[in-house]
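What the coordinates show
In case you want the letters, here they are:
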Amino acid sequence: MAKITLVDDDENIVASVSLALESHGHTVKAYYDGAAGLAALENEPPDLAILDVKMPRMDGMEVLRRLRRTSDLPVIILTSKDEEIDEILGFNLGADDYIHKPFSQRLLIERVKAVLRRAGVDVEEAPASPAAPAEGARAIKRGKLTLDPARHDCLWDGRPVKLTVTEFLLLQSLAQRPGFVKSRDNLMDAAYDDQVYVDDRTIDSHIKRMRKKFRDVDPEFDAIETLYGVGYRYRET
């Protein structure tokens, strides 16, 4: 169903996670240190990466930091740490989800399914006949912005902007109704499945990172407005 790269130095975790994922039809390639994992992710990108935080040669956060320079590949972070700051850092760097050890295989599978689904990877049995494209799959054009959900393409004034799956879904939700305010709860519903809980700061971190990407392309970008205490809205220019 999906090609997944797992990077973790714990052989027991690698064995159990690989078995769980393969039992659901996924193909898993495993690496036991961050440097080897990063090289594999760059040379042969999968559909999803699962990264442990504490690893030899390069930790998971550094792998994610370097990966995000060139790739919007969906990433799930695994960690045994309980400190909230680590989770915030992971989301700030562009992680799509975060799972604390120890975790159940059922939780892992549901999180993987949720991230893959948001990335547009088919995680269900294919229907007997092709279905008509969903309304949300139509391209959205708002001023200088063009979003193509079917291809996961984002253009600003004709120039590509590389967004993660979560960033793309947040922007799509805002751009579908320019001028209308979306609360953080609304945006959570648009970008995350019911099984995944994130707090307000996670949404804020995604928006901050997304703005920076647009401002790298256009320093005058100001289409995403913050209404303090209320939420965000897309201003069509």
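A brief report on the enclosed structure follows. (Residues numbered from 1 in each chain as written. Predicted model: local features only at pLDDT ≥ 70, side-chain atom pairs only at ≥ 80, totals over all residues. Heavy atoms only, no water.)

**Quick word on the side chain of Arg-118**
Basically, it comes down to this: The secondary structure listing takes helices from DSSP runs of H or I that are at least 4 residues long and strands from runs of E that are at least 2 residues long, numbered from the N terminus. Buried means the residue's accessible area, taken with a 1.4 Å probe over protein chains only, is under 20% of the maximum for its type, while exposed means over 50%, and partly exposed covers the values in between. The convention is simple: Lys and Arg are positive, Asp and Glu are negative, and His and the chain ends are not counted. When a carboxyl oxygen of Asp or Glu is within 4 Å of a side-chain nitrogen of Lys or Arg, the pair counts as a salt bridge. Any two residues having at least one pair of non-hydrogen atoms within 4.5 Å are treated as being in contact.
In this fold, Arg-118 is placed in helix α5 (residues 105-118). The buried charged residue Arg-118 lacks any salt bridge partner; its closest oppositely charged side chain belongs to Asp-96, at an N-O distance of 4.2 Å. For Arg-118, the contacting residues outside a window of four places in its chain are Asp-96, Val-165, Thr-166, Leu-169, Ala-191 and Tyr-192.

**Remarks on the packing of helix α2 (residues 34-43) against helix α3 (residues 60-67)**
Definition in use: Under this scheme, a helix contributes an axis fitted over its contacting stretch, all axes are lines through C-alpha atoms, and angles between N-to-C directions fall in the 0 to 180 degree range. In this scheme, roughly parallel covers angles under 35 degrees and roughly antiparallel covers those over 145, while 65 to 115 is roughly perpendicular and the rest are oblique. Take the far helix as the reference: if the near one is turned anticlockwise from it by less than a right angle, the crossing is left-handed, and if turned clockwise, right-handed. We call Asp, Glu, Lys and Arg charged. Ala, Val, Leu, Ile, Met, Phe, Trp, Tyr, Cys and Pro are nonpolar, and the rest, Gly among them, are polar.
Interaxial distance between α2 and α3 falls to 9 Å at its minimum, and their mutual angle equals 25°. Here α3 runs roughly parallel to α2, going by the angle between their axes. Read as a crossing pair, α2 and α3 show a hand that is right-handed. On α3, the residues touching Gly-34, Leu-38 and Leu-41 of α2 are Val-63, Arg-66 and Leu-67. Looking at the contact of α2 with α3 residue by residue, the classes come out as 4 nonpolar, 1 polar and 1 charged.

**A closer look at the packing of aromatic side chains**
The condition that has to hold: Classification of ring pairs uses Phe, Tyr and Trp, with its six-membered ring standing for Trp, and accepts pairs whose centres are within 6.5 Å; under 30 degrees between planes counts as stacked, over 60 as edge-to-face, and the remaining range as tilted.
Considering all chains together, one arrives at 3 aromatic pairs under this definition. Centre to centre, the rings of Trp-156 and Phe-214 are 5.7 Å apart; their planes meet at 85°, and the pair counts as edge-to-face. One end of the pair, Trp-156, is in strand β8 (residues 153-156); the other, Phe-214, is in helix α8 (residues 200-217), and 58 residues separate them in sequence. As far as burial versus exposure is concerned, Trp-156 and Phe-214 are alike and both buried. Ring centres 4.9 Å apart and planes at 80° place the aromatic pair Trp-156 and Phe-221 in the edge-to-face group.

**Some remarks on the pattern of salt bridges**
Considering all chains together, one arrives at 16 salt bridges under this definition. The partner of Glu-44 in a salt bridge is Lys-29, and the shortest N-O contact between them spans 2.9 Å. With Glu-44 in the loop between α2 and β3 (48-52) and Lys-29 in strand β2 (residues 27-31), this pair connects stretches of sequence that are 15 residues apart. A salt bridge links Asp-96 to Arg-68; the nearest nitrogen and oxygen atoms lie 3.4 Å apart. With a gap of 28 residues between them, Asp-96 in the loop between α4 (84-92) and β5 (97-100) and Arg-68 in the loop between α3 and β4 (75-79) connect regions that are remote in the sequence. Neither Asp-96 nor Arg-68 differs from the other in exposure class; each is buried. What you see here is one network of salt bridges that share partners, running through Asp-222, Glu-225, Arg-233 and Arg-235.

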